[in-house]
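# Secondary and tertiary structure notes
In case you want the letters, here they are:
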Amino acid sequence: MNILGLSCYYHDSSAVLLKDGKIVAASDEERFSRIKHDSSFPENAIEFCLNYTNITSKDLDYVVFHEKPFIKFERIIKSVLVTYPKSAKLFSDLSKNWLKEKLWIKLKISEFLNIPEDRILFSKHHLSHAASSFFCSPFKEAAFLTIDGVGEWATTTLGVGKSNFEEDNKNNLTILKTIDFPHSIGLLYSVFTAFLGFKVNNGEYKVMGMSAYGKPNYQDKIYKLIDLNKDGSFKLNMKYFSYHYSTKYSFNNNFIKLFGKPREKDQKFILNKNNEETISDIGMEDGKRFADIAASIQRVTEDALIKIANHLHAITNQDNLCLAGGVSLNCVANYKILKNTPFKNIYIQPAAGDSGAALGAALYVWHCLEKNRRRYILTDAYLGKKYTAEEIEKFLKENNINYKTYEKEAELFNYITDAIIEQKIVGYFRGKSEWGPRALGNRSILADPRNIKMKQVLNEKIKFRESFRPFAPSVLAEKADDFFDIKSISEKTPLQFMLYTVPVKKKELIPAVTHINGMSRIQIVNKNSNPSYYSLIENFYSKTSIPLLINTSLNLKGEPIANSPKDAYSIFKKSGLDILVLEDYVLEK
Ligand SMILES: [Fe+2]
């Protein structure tokens, strides 16, 4: 049975193909369209999924959409009515948008794929999120917690998943509690993302990075915005917000009175005379305020998540927890949940945000509607497009690009690690692209983690990103414990998707991947899930005694991660990358 899951029209459109319950292809549309967080109908991602599995749309048993558009539209209309006339402009903008395309998604899918409408299904957004985590996890039973900006109505959902790997008809996702719009932890975090001068649904990571530089001195003020109960239930005080009636602004003057002037986009906030990453005491009061506000919203978010998760444990008595929704990409909070709740095991799949809802929608149909037994655990994220040697060679020859090749992989890895040791920066494009927002060694930029200046070099030559954002490492699974304090958590959760920040043990040896607060967002590399990448890091280890590399995504600022050799080559040409590896082909500057 072939089931196609789709997500689109909000942000991060995607398509996922499930064949007899196994994920065979998955990709965000942005990787093909080259538009960051592309929300349009995922034509290219669908085409990739069908071509990859050699099927046509006629072979699809179901196509399932990640949310229920009519319920979502009802929420929008009701919210508009409650806040009218302030919402008049919002109403006119939204109605155009919704009446033009969003409401008619069934027709759009039916026409695009040329399939009858009775094969098109809709799954509730938070059930899609829950299914994406639970049915990819190794657990027969688990509590689930899905937290995002908003789905149809729900912004937070607590429930229990039950299933069986041996029998059919045992699969079930039961929702126990929900918290509904406009009360939303995800939207609260996004409001601060906007206040701190970043793009919503894009800059939340930057708030997280910034938070390490501040002290959570603004918590009291944030608790004027959110009424958080002991059991984690919460209500926002809407007099500070405008996202429920405005398309342009998410906070209002009451909010500004409380927190001061918002940060301008690109306003510097932490640099001192020497461009060092310390909060300057030379007239950068705003910088300190912004860092403290970032630290405060991060802390309040963590406290809320811990309270909700503890309550979920109390009402379900489950040992296992599955997290999903955009808020589950907050890797600082994820570590706190691991450390401060009684759950013995936690699972998060790599595309925990809205693109992952397409995966969950498909899994929901396979397991809960079709009642098929579990037969799949998602253990790696390599589900996207791969290019063959022939395709790469053709591209290089057609464009008159000079290259060299190595007969043996070991020789190639020797060459790459020697270059990294010489402080060169390597674009590394091999195998299938990753599912989810993180590059995990197949569409990566690799560099030496021992050099304290490497962060600055990467920023100046390639990434052009804010100096306060940390770089992350890929580390050999067996050696990770020597460099990172993961003893108490490595048995509890898979660490291969870069979803947790953990304390660094040997900071002085790997300064380029140690954030100012001594933490690092690690990716554990297992020999089984990515043998080739594992061997490369092993080679670096044999020469340096350091079992890790800096791994940052192969993209330029504001662009999606490279998907094709053409994308990778364009990054190579435009940036200060010294070397580009395309499968076994090597390009040098
Ligand atoms: Fe969502």
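Here, every reference points to the structure presented above.
### Notes on helix 2 (residues 43–52)
Listed as buried for helix 2 are Ala45, Ile46, Phe48, Cys49 and Leu50. Note on helix 2: the residue one or two positions beyond its end, Asn54, has a positive phi of about 60 degrees.

### Some details on the sheet that holds strand 6 (residues 141–147)
Sheet architecture is open: 5 strands sit in the order 8-7-6-11-12, paired in mixed fashion. Both edges of this open sheet fall to strand 8 (172–180) and strand 12 (345–347), since each of them pairs with a single strand only. In this sheet, adjacent strand axes meet at a mean angle of 20 degrees when their direction is disregarded. Taken together, the 8 bridges between strand 7 (residues 154–162) and strand 8 define a ladder with antiparallel strand orientation. Note that in strand 8 the partner of Thr156 across the bridge is Ile179. Lying over the sheet, helix 6 (residues 125–134) contacts strand 6, strand 7, strand 8, strand 11 (320–324) and strand 12, oriented at roughly 135 degrees with respect to strand 6.

### Focus: the coordination of the iron ion
Within the protein, His125 (NE2), His129 (NE2), Asp148 (OD) and Asp354 (OD) serve as the donor atoms for the iron ion, at 2.1 to 2.3 Å. Taken together, the 4 donor atoms coordinating the iron ion and their angles of 86 to 167 degrees define a geometry best described as irregular. One chain supplies every donor for the iron ion, spaced along it as H-x3-H-x18-D-x205-D. Remark: Asp148 occurs in the loop between strand 6 and strand 7 and His129 occurs in helix 6; sequence separation between them is 19 residues.

### Description of the environment of Lys199
As for its placement among the helices and strands, Lys199 is situated in the loop between helix 7 (185–195) and helix 8 (204–211). We classify Lys199 as exposed; its relative accessible area is 61%. With 76 residues separating them along the chain, Lys199 and Ser123 place their C-alpha atoms 28 Å apart. In contact with Lys199, other than residues within four places in its own chain, are Thr193 and Glu204.

### Observations concerning the environment of Glu559
Topologically, Glu559 is positioned in the loop between strand 20 (548–553) and helix 19 (565–574). Using a relative accessible area of 25% as the deciding quantity, one classes Glu559 as partly exposed. With near-sequence residues (within four places) excluded, Glu559 lies in contact with Lys36 and Lys574.

### Quick notes on the packing of helix 15 (residues 409–421) against helix 18 (residues 531–544)
Two numbers describe how helix 15 lies on helix 18: the axes approach to 9 Å, and their chain directions differ by 55 degrees. Classed by the angle they form, the pair helix 15 and helix 18 counts as oblique. Here helix 15 runs over helix 18; the crossing is right-handed. On helix 18, the residues that touch Glu409, Ala410, Phe413, Asn414, Ile416, Thr417, Asp418, Ile420 and Ile421 of helix 15 are Ser532, Ser535, Leu536, Asn539, Phe540, Lys543 and Thr544. Here the contact of helix 15 with helix 18 is built from residues that sort into 7 nonpolar, 6 polar and 3 charged.

### Things to note about the packing of helix 3 (residues 69–83) against helix 4 (residues 88–100)
Look at helix 3 against helix 4: their axes get within 10 Å of each other, and the N-to-C directions meet at 165 degrees. With respect to each other, helix 3 and helix 4 are oriented roughly antiparallel. Every pair of crossing elements has a handedness; the one defined by helix 3 and helix 4 is left-handed. Together, Pro69, Lys72, Phe73, Ile76, Ile77 and Val80 of helix 3 and Leu90, Phe91, Leu94 and Trp98 of helix 4 make up the contact between the two elements.

### Side note on the packing of aromatic side chains
Under the defined criterion, the tally for this structure stands at 25 aromatic pairs. For the pair Phe195 and Phe290, a centre-to-centre distance of 6.4 Å together with 70 degrees between the ring planes defines the contact as edge-to-face. Note that Phe195 is positioned in helix 7 and Phe290 in helix 11 (residues 285–316), a separation of 95 residues in sequence. The residues Phe195 and Phe290 share a single accessibility class, namely buried.

Thresholds, definitions, all that
Residues numbered from 1 in each chain as written. Predicted model: local features only at pLDDT ≥ 70, side-chain atom pairs only at ≥ 80, totals over all residues. Heavy atoms only, no water. Buried < 20%, exposed > 50% of the residue type's maximum accessible area, 1.4 Å probe, protein only. Helix = DSSP H or I, 4+ residues; strand = E, 2+ residues; numbered from the N terminus. Pairing = 2+ DSSP bridges. Axes fitted to C-alpha atoms, helices over the stretch in contact; angles between N-to-C directions. Contact = heavy atoms within 4.5 Å. Donors = N, O, S within 2.8 Å, 3.2 Å for Na, K, Ca; no water. Tetrahedral: all angles 85-135°; square planar, octahedral: opposite > 155°, others 65-115°. Parallel < 35°, antiparallel > 145°, perpendicular 65-115°, else oblique. Left-handed = near helix turned anticlockwise from the far one by under 90°. Nonpolar A, V, L, I, M, F, W, Y, C, P; charged D, E, K, R; others polar. Phe/Tyr/Trp six-rings, centres within 6.5 Å; stacked < 30°, edge-to-face > 60°.

So yeah, pure geometry; function would need other evidence.
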